Amino acid sequence: MIISGATVVTSLDPVHITRDDVHVKDGRIAAEGGGERHDCSGCLVVPGNVCAHTHLYSALARGMPYDLEPPEDFLQILQRVWWRLDRALDEDSVRASALVGGMEALLSGTTTLVDHHASPNAIDGSLDVIEEALSTLGVRSVLCYEASDRDGPERARAGVQENRRFLDRVRRERPPLARGLVGAHASFTLSDETLSSCAEAAREFEVGIHVHAAEDDADERDAVALYGLRVADRLAQAGALDERTILAHGVHLDREEIRLVRAANASVAHNGRSNMNNSIGRARVGSFGPRVVLGTDGIGSDMFEESRTAYFRLREDDRGIGPDWPLRRLAEGARFVGAAFGEQRLGKIEVGAPADLVVLDYATPAPLHASSFPGHWVFGLASRSVRDVMVAGEWVVLDRRLTRMDDQELAANACVQADRLWKRLDDIGPHEFEPKGGRRWPSPLMIE
Ligand SMILES: [Zn+2]
């Protein structure tokens, strides 16, 4: 396969651009390929986007009815929305959400999803269902099940076991497009026993832990009240904080914790739109260091939109942030996923790299070169320009349509499943789990 005629962004950090043909052979970028020519004249080719933190199970929740009292804080959002939805999930709705979420990812130019899954009444085998759905579409993925004690010790153990079962399968079968992490919900719903089983599984399978950390202040209050430790300290003491760890949000990490996370070389997934949507506060992403990656936390998988919003939110009170900032974050997300796949070049369009790329139909209104590209990314490029998408050397989107499944059929089936899921929600009340830290800090001295 030869991709010809395009302007090719071979690297996002640093930005590098060529006008050479791209050769693809055996799933990788090659020096020479030959064979079929794919005309991309006038197009821009970029590395596939990575969404480094998402929840595909939320794909069927869009516009979901809500009849309870409005939530007053983040905990009530979990109790009244997400922890009802996840208990209503069954195998069919997990599959439908992975398929429709995966479809939207590809159509918006996202080739890799780092997913964090919960379905407390359908735990066993759920990661296989997601893996199969995404692999069928041709989405690359890094999957985990969020172990948690909020639904009792039995489900906590089943959650850890689902991670182990999947990681064992991945180790034996090496599915070409999927890898695993050990998933854990968040400090405030994890007992010491569950947290240490997660750390043990991560050590045994030599993978990272994917966990929400200090998303809301309640997570910190609970850790201090129960263990006398801040969240990052608790994770570190449990052996759950190292260079393979990915922490989601980190909004309420204090300066000491940020130092600890940076010293451990752990990644932090910033989910700007989700943070705003839940009114949980603003992450100090500027102080998190180089290992900040971007996620959507389940608000679709459009990384053009996510990276643009994150940029403007930061820029609102810091003119020092440049438009290259979101590109560096996306490159870092690809590096994280590349480490999980043992593919150092993932996220680049260079010889030897897995051929994950996106063809953008972009009639540039101003000269496009390495120094102007970040400006085009933030002020012009969007998922509406996504024409073709390649993952591991295969076209999975051509002319804005999936190549392996029928878009319309898949969306129609998702609507049927969403309707059933929403009906089941009527019988599920707010979750009763309460963290121990209370609604406020007991003493002002305990706030940083
Ligand atoms: Zn999340």
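As a reminder, the structure under discussion sits directly above these lines.
J.: Could you clarify how one ought to interpret the overall build of the protein chain in this entry?
T.: Of regular secondary structure, the protein chain possesses 13 helices and 20 strands. A compact globule built from 448 residues would reach a C-alpha radius of gyration of about 22 Å, and the protein chain, at 21 Å, matches this within 12%. Looking at the protein chain residue by residue over its 448 residues, the buried ones come to 61%. Considering only contacts within the protein chain whose residues lie at least 6 apart along the sequence, 76% involve residues at least 24 apart. Taken as a whole, the protein chain presents about 18,100 Å² of accessible surface, with 48% of it coming from carbon and sulfur. Each charge class in the protein chain was averaged separately, 52 positive and 70 negative side chains, and the resulting centres sit 3 Å apart.

J.: In this structure, what is going on with the sheet that holds strand β17 (residues 357-360)? I would like to understand it.
T.: Consider a sheet: its strands pair through backbone hydrogen bonds, and that pairing is either parallel or antiparallel. A sheet is described by the order of its strands in space; here seven strands give the open sequence β3-β2-β7-β17-β18-β19-β20, paired in mixed fashion. Each edge of the open sheet carries a strand with a single partner, namely β3 (15-18) and β20 (401-402). As defined by bridge partners, strand β18 (residues 386-391) adjoins strand β19 (residues 394-398) across three bridges and the pair is classed as antiparallel. Looking at the pairing, Val389 lines up with Val397 of β19.

J.: Can you walk me through the packing of aromatic side chains in this structure?
T.: Each aromatic ring pair is described using two quantities: the centre-to-centre distance and the angle formed by the ring planes. With the rule as written, the count across this model stands at eight aromatic pairs. Ring geometry for Phe188 versus Phe433: centroids 6.5 Å apart, planes at 45 degrees, classification tilted. In this pair, Phe188 is assigned in the loop between β12 (182-186) and α5 (192-205) and Phe433 in the segment after α13 (407-425), connecting sequence segments 245 residues apart. For Phe188, a relative accessible area of 8% puts it in the buried group. With centroids separated by 4.7 Å and ring planes inclined at 25 degrees, the aromatic side chains of Phe304 and Trp377 adopt a geometry described as stacked. Separated by 73 residues along the polypeptide, Phe304 in helix α10 (residues 303-315) and Trp377 in helix α12 (residues 373-379) bring together distant segments of the chain.

Reading the values: rules and limits
Residues numbered from 1 in each chain as written. Predicted model: local features only at pLDDT ≥ 70, side-chain atom pairs only at ≥ 80, totals over all residues. Heavy atoms only, no water. Helix = DSSP H or I, 4+ residues; strand = E, 2+ residues; numbered from the N terminus. Rg over C-alpha atoms; globule rule 2.2 N^0.38 Å. Buried < 20%, exposed > 50% of the residue type's maximum accessible area, 1.4 Å probe, protein only. Contact = heavy atoms within 4.5 Å. Areas by Shrake-Rupley, 256 points an atom, 1.4 Å probe, with all protein chains shown as cover. Lys, Arg positive; Asp, Glu negative; His and termini not counted. Charge placed at Lys NZ, Arg CZ, Asp CG, Glu CD. Pairing = 2+ DSSP bridges. Phe/Tyr/Trp six-rings, centres within 6.5 Å; stacked < 30°, edge-to-face > 60°.

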